[in-house]
Amino acid sequence: MNQGDDALRIGVVAPPWYCIPPKGYGGTEAVVAAVVDQLVARGHHVTLVASGEPGTAAQRYIQVYEQPPSELLGHDVMPELVNAAEAHAALADLALDVIHDNSAAGPLSAPARRCPTVVTTHGPVAGPNGDYYRRLGATVELVAISEAQRRQAPDLHWAGMVHNAIDVASFPYEPDKADYLLWVGRFCPDKAPDLAIEVARRSGRPIVLAGKLNDQREREYFETVVKPLLGPGVDYVGEADSQLKRELYAKAAALVFPIQWEEPFGMVMAEALACGTPVVATPRGSVPEIVRPGVNGFIAGDVAGLVDAVQRLDEISPAVCRADAQARFDLPVMAEGYERVFRRVIGEGGSVAKRLITAA
């Protein structure tokens, strides 16, 4: 824990769409909440700009929207602009050492800030997102959530890489597994639940599917691709809440993760490992950074290879999976990573408080 002169004054800007922490969906918001709480636990002072009721350990809370405008996500950019304007005004006169901006529009204020702005790239950095960060240039210090993500755009102004993390202790460890395989995610071609079903059927194992069907594209994909494959041995349980998700992870023989895109970080893999459940996945995105073949799971490029991997699950120790999650993806590990980045970008000049004392 850092105390006294070593403590940092950190401003954290969250996206406006969900509460911090989120009550349901909201992966970025969950990470932001965890970073805030962990930084406070390490002795730092955090000012959080977010929407909804305060729900973290931040010592100062600045509310943008009383009710997060979740229904406008994907339909209206105005909440992002309002969020950015509020964050700029609220943080401008504070004596901060660093601002950790997790919003889309907030980093546009970085050139006007008196302290460095660290931006976590929660989504893809190829295409339009990369063009945006490229135009921000050296006004921001970017943090990737995987090396795979950073490789998508190596020319961006990267300050480091910090894997996302989970509260490992909140996930039940279960050494005795059932026979079923598990798929968790969003119903879309990129997540390939149809391939997970094929792997299960060719392996002679049942499979449980848990995923959200919120928008029209997800529903259409489910109706046309997934629903015809349901039947004996293929069970869809809907969108699992935190309790059901943990129960499913804990007893599953393996999480099948046949992604078909360069996903920056697959949180479900870390969650499964925390329960002592191995991961069988395709070699896309962050998978090679998370899955250690023969240690906590297997990686294969096609269905046949994934089927072979399922046949070898008895080679994987649940205890090793759990220990690996604790060592690499627990919350204190993530917080230490961000603290290291913050101190690096602040540089030799020290904190704002120290500079003010020196100037006086």
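The coordinates are above.
Residues numbered from 1 in each chain as written. Predicted model: local features only at pLDDT ≥ 70, side-chain atom pairs only at ≥ 80, totals over all residues. Heavy atoms only, no water.

**So, the sheet that holds strand 4 (residues 98-101)**
Line of reasoning, step 1. Pairing within the open sheet is parallel, and its seven strands lie in the order 3-2-1-4-5-6-7. The sheet is open, and its two borders are formed by strand 3 (60-63) and strand 7 (158-161), each paired with just one other strand. Neighbouring strand axes in the sheet, compared pairwise and without regard to direction, differ in orientation by 20 degrees on average.
Line of reasoning, step 2. Sheet topology note: the strand 5 (residues 117-120)/strand 6 (residues 141-144) ladder contains three bridges and is parallel. In the strand pairing of strand 6, V119 is matched with L142. (Pairing = 2+ DSSP bridges. Helix = DSSP H or I, 4+ residues; strand = E, 2+ residues; numbered from the N terminus. Axes fitted to C-alpha atoms, helices over the stretch in contact; angles between N-to-C directions.)

**Points about the sheet that holds strand 12 (residues 279-281)**
Line of reasoning, step 1. As summarised here, the arrangement of the six strands in space is 10-9-8-11-12-13, forming an open sheet in which the pairing is parallel. Taken across any chain shown, the strands that pair with only one partner, and hence form the sheet edges, are strand 10 (234-236) and strand 13 (297-299). Here the average twist between neighbouring strands, direction ignored, is 20 degrees.
Line of reasoning, step 2. Where strand 11 (residues 254-257) and strand 12 come together, three bridges link them in parallel fashion. When the sheet's bridge partners are listed, V256 is paired in strand 12 with V280.
Line of reasoning, step 3. Sheet contacts for helix 8 (residues 267-274): strand 8 (181-186), strand 11 and strand 12; angle to strand 11, the most-contacted strand, approximately 170 degrees. (Contact = heavy atoms within 4.5 Å.)

**A short note on helix 8**
Line of reasoning, step 1. Of all eight residues that make up helix 8, seven are buried, and the element is covered over most of its length.
Line of reasoning, step 2. Taken as a whole, helix 8 has its buried residues at V268, M269, A270, E271, A272, L273 and A274.
Line of reasoning, step 3. Among the structural elements, strand 8, helix 7 (242-251), strand 11, strand 12, helix 9 (287-290) and helix 11 (318-329) are those in contact with the buried residues of helix 8.
Line of reasoning, step 4. After helix 8 finishes, the residue G276 shows a positive phi value of roughly 80 degrees. (Buried < 20%, exposed > 50% of the residue type's maximum accessible area, 1.4 Å probe, protein only.)

**Observations concerning the environment of A104**
Line of reasoning, step 1. Examined against the element boundaries, A104 turns out to sit in the loop between strand 4 and strand 5.
Line of reasoning, step 2. Sequence-wise, A104 and T56 are 48 residues apart; in three dimensions their C-alpha atoms are separated by 21 Å.
Line of reasoning, step 3. Filtering out sequence-adjacent residues up to four positions away, A104 remains in contact with E80 and Y132.

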